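Here is what each chain is made of, one letter per residue.
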Amino acid sequence: MGVSRLDVFYRRLLLTKLFIGGWGKPEDLKRIFEFRKVIADRERCKSLVPKDYPVYINKTEEHTDCYIHDGVFISPLDHLVPGILPPEAVKARFQFIVPKRWQCNRPVCIHLAGTGDHFFWRRRTLMARPMIKEAGMASLLLENPYYGYRKPKDQRRSCLKNVSDLFVMGGALMLESSVLLHWLESEGYSPVGMTGISMGGYMSSLAVTNWPKPIPLIPCLSWSTASSVFTTGVLSKAVKWTELEKQYAINSVYEEEIINLLEYCGADSFKMTERNVKDSLMGSLEHELKLQKEVRVGPYCRPERKMETGASLWIGERCGDNVERLLSVDNTRTTSDILPSAFEANKVISGTHLVKNSRPSLHRESISFMKGVMDECTHMANFSVPVDTSLIIVLQAREDAYVPRTGVLSLQEIWPGCEVRFLNGGHISAYLFKQSIFRQAIYDAFNRFCQKYPNMV
């Protein structure tokens, strides 16, 4: 099955770049990875969020079919990892949309926001209000950190400034979802479930891994890890790789320290890839060095230094095709090429000189590092399995170019017993035209919960 042309075209409309600030501060990444070990283990983090964590409703509006409550609370992440959230994101905001008349029980679905879904209008219009009309089901819309009222002043639109921001967002949403689940339970609402579209599906999946009870989960247009989104999906073209490569080359802490904190080592792990490509990478770099020896000097080139083998490394413009190919950054390549390993970090094989800013494999090394850090914080195999996977209904587009499934573990492998429903078309067409199918999957998952756990309703 190919990829959607609409997905590819729509991505080209995105002119701003992702991660223009780079990877994020190394000390922040270290703190995030250490906290990930705690939050990924459901047993270890039972006491992180008290059941009576304070939540406040500060405004209520009455509409013809519902009440809309605006609520706030302080993100628990600010207490547990102080200073990791930007000041604007510390206060969590949500809208609670409650029907005036319940059809049966008092079901509530928490909706987490997808990429670009600022404030509440989109989810309220496309999902929450129709769900009141169709099923008498309430919706709680939580605003993501870095979005809407919680967006940092120096962030452009929806483009997260640093790679680490995505991990901070995920950790915050896991804890904030626990706050809201406890609060809804204490208020007598049941059953309660979670959903989200695209990035919201990822985040809702992460949140449910942390919840100690059976719960309906309906992730739409998301999969088992975010690593493929930013390394092989069409969004990889929007990543500012030049900045990431520069930071990776200049600051050795990324490859010498942070890479050692990455624990995930499944069948699709970047660590497994390292072992498999080591021999071929050595051979390919030796071949590239041989090409350097054969290159003819162009009119605007000058020798920067001589290597012990007699090969010259040329710096400048209009340097001949081979040198330009070796030293330029090819931003069109993705990890469909061979991923290199971090052990080749600073070396030119034929000599002892360190030429960090010019090493030919730098782009691929950065992609490999991106896959490693993304899998560390977003791969579902790195977190606890939800209590009852039969309550999970996943919706995925067959031709999704934003969330590639090739080369990564499937959710069925990680969560045995979950149901996956495939939709024809791509990511964008599914979002635009399949909202009713998303809502039906929510109703099906909630009905399944009521049949299986009647005493919990």
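Residues numbered from 1 in each chain as written. Predicted model: local features only at pLDDT ≥ 70, side-chain atom pairs only at ≥ 80, totals over all residues. Heavy atoms only, no water.

A. Region of interest: the overall build of the chain. Each helix and strand in the chain was counted, giving 15 helices and 11 strands. Looking at the chain as a whole, 59% of its 457 residues qualify as buried. Working note: accessible area of the chain is about 19700 Å², and carbon and sulfur atoms make up 51% of it. (Helix = DSSP H or I, 4+ residues; strand = E, 2+ residues; numbered from the N terminus. Buried < 20%, exposed > 50% of the residue type's maximum accessible area, 1.4 Å probe, protein only. Areas by Shrake-Rupley, 256 points an atom, 1.4 Å probe, with all protein chains shown as cover.)

B. Structural detail: the packing of helix H2 (residues 26–39) against helix H5 (residues 163–186). At a minimum axis distance of 11 Å, the contact between H2 and H5 shows a crossing angle of 30°. Compared by their axis directions, H2 and H5 come out roughly parallel. You can see that H2 and H5 cross each other, and the crossing is left-handed. Of the residues in H5, those touching H2 at Leu-29, Ile-32, Phe-33, Phe-35 and Ile-39 are Ser-164, Phe-167, Val-168, Gly-171, Met-174 and Leu-175. Its residues assigned to classes, the contact of H2 with H5 comprises 9 nonpolar, 2 polar and no charged. (Axes fitted to C-alpha atoms, helices over the stretch in contact; angles between N-to-C directions. Parallel < 35°, antiparallel > 145°, perpendicular 65-115°, else oblique. Left-handed = near helix turned anticlockwise from the far one by under 90°. Contact = heavy atoms within 4.5 Å. Nonpolar A, V, L, I, M, F, W, Y, C, P; charged D, E, K, R; others polar.)

C. Up close: the pairing of strand E2 (residues 66–74). Among the 9 residues in E2, 7 count as buried, and that is most of the element. Hairpin connection between strand E1 (residues 56–62) and E2: a loop of 3 residues separates the two successive antiparallel strands. Bridging between E2 and strand E3 (residues 91–99) involves 9 bridges; their strand directions are antiparallel. Looking at E3, one finds that Gly-71 is bridged to Phe-94. (Pairing = 2+ DSSP bridges.)

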